[in-house]
Amino acid sequence: MAQTPDQNERISSPTAIDSADRLSMLADHLVLWVSRHWLALFNLALALYLFLPFLAPLLMRAGLTGPARAIYFVYTPMCHQLPDRSYFLFGEQRVYALEELEQAGVLEGSGILERRRYIGDAQLGWKAALCQRDVAIYGAMLAGGLAFGLLRRRGPWPKLSFKVYLLFLLPVALDGLSQLVGLRTSTWWLRTITGAIFGLGTVWLAYPFIEEAMNDIRRSTEMRATAKLDT
């Protein structure tokens, strides 16, 4: 269908062109901002992801059970939340073995699903919404991200090959799988050490590639923005 002169005039009007240019410039500014601050965004997201699981026992302590249980529920798909593999706040101990919880009468005869649902009480304390290993993994990633932000100013961060990365993965795999199949029971400090090794290795593997990609995006966006100004 042929366009009328009025339609052609509206399509090519300066207002329409200016609006498109403004949207394009806004998109470029957003891309540039993200490419420059991606590391801060990653670190902020990790800090928030770690903070909320420890906010849950604080809320339980304050009697705000609704918001606390909402946090436990949100983190359920991300972590098994087994109490014998989680940290506790405001109780007699910071960590409990399964046998200790059974002796206390809170998990006696319970299956794994019932164990997951137990969040604690006033005597034993309330568990964090992330297990010990996940706290170590994401805590190490946050620490590694902060270190990466400081050290990248001195020059390109050396890249880690995937073969070497497997060495960082091996301890957590052996510790987790051997416990999963029932060969042995891990301890909180083994979960912490192996999780931290894995988290640091993940940062070392991924962040230099992300930094390189963000630099490429920033350069291409700046060149495109400069070309637009010249036209």
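That block above? That's the structure.
A brief look at the structure comes next. (Residues numbered from 1 in each chain as written. Predicted model: local features only at pLDDT ≥ 70, side-chain atom pairs only at ≥ 80, totals over all residues. Heavy atoms only, no water.)

## Topic: the pairing of strand β3 (residues 125-131)
- Among the seven residues that make up β3, seven are buried, leaving the element largely enclosed by the rest of the structure.
- Here strand β1 (residues 86-89) runs beside β3; their pairing, made up of three bridges, is antiparallel. Counted as the bridge partner of L89 is W126 from β3.
- Relative to β3, strand β2 (residues 120-121) runs antiparallel, the two sharing two bridges. Bridging from a neighbouring strand, G120 pairs with W126 of β3.
- Linking two consecutive strands that pair antiparallel, namely β2 and β3, is a turn of three residues. (Buried < 20%, exposed > 50% of the residue type's maximum accessible area, 1.4 Å probe, protein only. Helix = DSSP H or I, 4+ residues; strand = E, 2+ residues; numbered from the N terminus. Pairing = 2+ DSSP bridges.)

## Topic: the state of the cysteines
- Considering all chains together, one arrives at zero disulfides under this definition.
- C79 carries a free sulfur, and the closest cysteine sulfur to it, the one in C131, is 3.6 Å from it.
- Judged by its relative accessible area of 5%, C79 is buried.
- Residue C131 is classed as buried on the basis of its relative accessible area, which comes to 4%. (Disulfide = S-S within 2.5 Å.)

## Structural notes on helix α3 (residues 65-75)
- Along α3, the residues that are buried comprise A68, I71, Y72 and Y75. Projected onto a plane normal to the axis of α3, the buried residues spread over an arc of 100° and lie on a single side. (Arc of directions from axis to C-beta.)

## Some remarks on the pattern of salt bridges
- Under the counting rule described, the total for this entry stands at nine salt bridges.
- Among the ionic pairs, D28 bridges to R224, the shortest N-O distance being 3.1 Å. You can see D28 sitting in helix α2 (residues 14-61) and its partner R224 sitting in helix α8 (residues 188-230), a full 196 residues away along the chain.
- Residue D28 is classed as buried on the basis of its relative accessible area of 7%.
- Classification of R224 by relative accessible area gives partly exposed; the value is 38%.
- Across the pair R133 and D175 runs a salt bridge whose closest N-O atoms are separated by 2.9 Å. (Salt bridge = Lys/Arg side-chain N within 4 Å of Asp/Glu carboxyl O.)

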